[in-house]
Amino acid sequence: MKCKPCGQPAVIDIPRHRAAFCAGCFTTHCQEQVRRAISSHRMMGHSERVLVAISGGKDSLALWHILVALGYKADGVYLGLGIGDYSDLSRDYAERFASSHDLTLHVVDIPTDHGFAIPEAARATKRVPCSACGLSKRHLLNRAALDGGYDVLATGHNLDDEAAVLFGNVLQWQVGYLARQRPVLAAAPGFARRVKPLIRMGERETAAYCVVNRIDYLVDECPMAAGNKHLRYKETLNAMEERSPGVKATFYLKFLDEMLPVLDDVAAEERALVGVCSRCGSPSSAQVCAFCTLVERVATSSAR
Amino acid sequence: MQVRLHNPKRDVEMTGPLRVTELVRSLGLNRESVLVIRGDSLVTHDETLHDDDVVEIRPVISGG
Ligand code: SF4
Ligand SMILES: [Zn+2]
Ligand SMILES: [Zn+2]
């Protein structure tokens, strides 16, 4: 196959774009997809300070690399989850990337700062690890952005992640979740603005971006992920994508264009319900926020 | 050719010449969910792999 823009031998083909690219043109293509996502959703400006959530995996490192290439002032924050070797290794990858690119990486370690690890929290709450993990990430990354005085928090959610979440939300008609599944969540009291600049890149592309640009990332998956719903949804969507290239992108990107505007009222109602957590002052629709509830449950279960 | 697979990490021997699409299909994988890397560069699906190639099939699906 030949590179569509320049005619040189290609290294990657992207069936949904009916195009193949050489390494150089692919890098430009990916950066252009991110630039487009940022500008069409007015995610952020070049004068703003950006904090990128870094896991040491392909998506977050590709995102950091691309934002810097596009001229954004972007620091990183790594969240230690206490998941054994996986956490130690992923932190090494994050730190190596930051130091080799001369970038600032903040580290927040849940076991050190809050006295528990994610697997423990999952046991204490009798929920799947990803649920304890997800709510901890949302809370602590938001806090890191606010405490560091950043204008915006950027996460590495890609097109496949968003399509899978959308699929799950639609299967159960979670209207409140659907209304909130936005590429930009505006800043509000106690909330930093959150943006997802990778929504136009599939995860095969973020991985390829890393390979092509010699970004060393942790290929191994978090051991807690095995068999989770999110992975099953991705499998289902990829089975369709293989037969009809482009279905995933249409499913998600059309949701943004056609469905989200219809859900604006629901989103406004949801926002009106948000108060503050009586423990930590974070925004919360319950009296005590999900993170403080988690911390408390872990404390009582380990005291037993 | 030597083919490195992940989850679990293992190496298998395959006989070339073999097209990338056929390799991916013969292992029961979806082309959307992997990258194929020969040596240290990516290869497209229509590429032919040979007996002296060292190939990695790298999964790209994250569960978080
Ligand atoms: S797979 Fe689950 S537990 Fe592991 S990092 Fe992702 S959300 Fe957290
Ligand atoms: Zn080219
Ligand atoms: Zn709280």
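Further up the page is the structure itself.
Residues numbered from 1 in each chain as written. Chains lettered and ligands numbered in written order. Predicted model: local features only at pLDDT ≥ 70, side-chain atom pairs only at ≥ 80, totals over all residues. Heavy atoms only, no water.

Engineer: Any chance you could explain the overall build of chain A here in plain terms?
Structural biologist: When you go through chain A residue by residue, the secondary structure sums to 13 helices and 10 strands. A compact globule built from 304 residues should have a C-alpha radius of gyration of about 19 Å, and chain A, at 19 Å, falls within 12% of that. By residue count, 52% of the 304 residues in chain A fall in the buried class. Counted over contacts in chain A with a minimum sequence separation of 6, partners at least 24 positions apart contribute 69%. Put simply, chain A has 36 plus and 33 minus side-chain charges, and the middle of one group is 4 Å from the middle of the other. (Helix = DSSP H or I, 4+ residues; strand = E, 2+ residues; numbered from the N terminus. Rg over C-alpha atoms; globule rule 2.2 N^0.38 Å. Buried < 20%, exposed > 50% of the residue type's maximum accessible area, 1.4 Å probe, protein only. Contact = heavy atoms within 4.5 Å. Lys, Arg positive; Asp, Glu negative; His and termini not counted. Charge placed at Lys NZ, Arg CZ, Asp CG, Glu CD.)

Engineer: What exactly am I supposed to notice about the overall build of chain B here?
Structural biologist: Along the backbone of chain B there are 1 helix and 7 strands. Mapped in sequence order, the helices and strands of chain B form the string β-β-β-α-β-β-β-β. Relative to the compact-globule value of 11 Å for 64 residues, chain B shows a C-alpha radius of gyration of 11 Å, a close match. Its C-alpha atoms put chain B at 35 × 25 × 20 Å along the principal axes.

Engineer: Would you mind going over the coordination of the zinc ion (ligand 2) with me for this structure?
Structural biologist: In a perfect tetrahedron of four donors around a metal, the angles come out at 109.5 degrees. In a perfect octahedron of six, they are 90 or 180 degrees. Protein coordination of the zinc ion (ligand 2) is provided by Cys-3 of chain A (SG), Cys-6 of chain A (SG), Cys-22 of chain A (SG) and Cys-25 of chain A (SG), with donor distances spanning 2.3 to 2.4 Å. Each of the 4 donor atoms around the zinc ion (ligand 2) contributes to a set of angles spanning 102 to 118 degrees, which defines the coordination as tetrahedral. (Donors = N, O, S within 2.8 Å, 3.2 Å for Na, K, Ca; no water. Tetrahedral: all angles 85-135°; square planar, octahedral: opposite > 155°, others 65-115°.)

Engineer: Sorry, what's going on with the interface of chain A and chain B here?
Structural biologist: Bring the parts together and some accessible area is lost; that lost area is often taken as the interface size. Between chain A and chain B, the contact holds 31 residues from the first and 22 residues from the second. Taking both sides of the interface into account, the surface hidden between chain A and chain B amounts to around 2400 Å²; carbon and sulfur atoms contribute 51%. Counting across the chain A and chain B interface gives 2 salt bridges. For Glu-32 of chain B, the salt bridge identified is with Lys-248 of chain A, shortest N-O distance 3.1 Å. Sorting the residues of the side of chain A that touches chain B by element identifies β1 (12-14), α2 (58-69), α9 (203-212) and α10 (229-243) of chain A as the ones contributing at least two each. Top contributing element to the side of chain A that touches chain B by residue count: α10 of chain A, with 7 residues. (Buried area = accessible area lost by both parts, 1.4 Å probe. Salt bridge = Lys/Arg side-chain N within 4 Å of Asp/Glu carboxyl O.)

Engineer: Quick question: what am I supposed to make of unusual backbone geometry here?
Structural biologist: With glycine set apart, most residues show a phi of negative sign, and most peptide bonds adopt trans. The step from Asn-7 of chain B to Pro-8 of chain B runs through a cis peptide bond, and the omega angle for that step is -5 degrees. Relative to the helices and strands, Pro-8 of chain B resides in the loop between β1 (2-5) and β2 (10-13). Each neighbour pair has its own omega, and for Gly-16 of chain B with Pro-17 of chain B the value is -5 degrees, a cis peptide bond. Assignment of secondary structure puts Pro-17 of chain B in the loop between β2 and β3 (18-19). You will see that Arg-18 of chain A, though not glycine, has its phi angle at about 45 degrees, which is positive. Inspection of the secondary structure puts Arg-18 of chain A in the loop between β1 and β2 (19-21). Unusually for a residue other than glycine, Asn-7 of chain B sits at a positive phi of about 50 degrees. With respect to the helices and strands, the residue Asn-7 of chain B is situated in the loop between β1 and β2.

Engineer: Before we go on, may I ask you to explain the pairing of strand β7 (residues 54-59) of chain B in this structure?
Structural biologist: It is a general feature of regular strands that their side chains alternate between the two faces of the sheet. Residue and element names in this part refer to chain B. Relative to β7, β1 runs parallel, the two sharing 4 bridges. Bridged to Gln-2 within β7 is Val-54. Pairing analysis gives 5 bridges linking strand β4 (residues 34-38) to β7, with the strands arranged antiparallel. Bridge pairing links Val-36 to Ile-57 in β7. (Pairing = 2+ DSSP bridges.)

Engineer: Can you help me understand the sheet that holds strand β5 (residues 105-109) of chain A in this one?
Structural biologist: To summarise the sheet geometry, strands pair through backbone hydrogen bonds and adopt either a parallel or an antiparallel arrangement. Residues and elements named next belong to chain A. Pairing is mixed across the open sheet formed by 6 strands, whose spatial order is β5-β4-β3-β6-β8-β7. Looking at the sheet topology across the chains shown, the edges are occupied by β5 and β7 (184-185). As paired elements, strand β4 (residues 73-80) and β5 share 5 bridges and run parallel to each other. Residue Val-77 lies in a different strand from β5, and its bridge partner there is His-106. Packed onto the sheet, helix α3 (residues 84-100) meets β3 (49-54), β4 and β5 and runs at close to 165 degrees relative to β5. (Axes fitted to C-alpha atoms, helices over the stretch in contact; angles between N-to-C directions.)

Engineer: Whenever I open this one, the coordination of the zinc ion (ligand 3) confuses me. Can you help?
Structural biologist: For the zinc ion (ligand 3), the full set of protein donor atoms is Cys-277 of chain A (SG), Cys-280 of chain A (SG), Cys-289 of chain A (SG) and Cys-292 of chain A (SG), and the range of their distances to it is 2.3 Å. What the 4 donor atoms of the zinc ion (ligand 3) show is an angle range of 107 to 115 degrees at the metal, which sorts the shape as tetrahedral.

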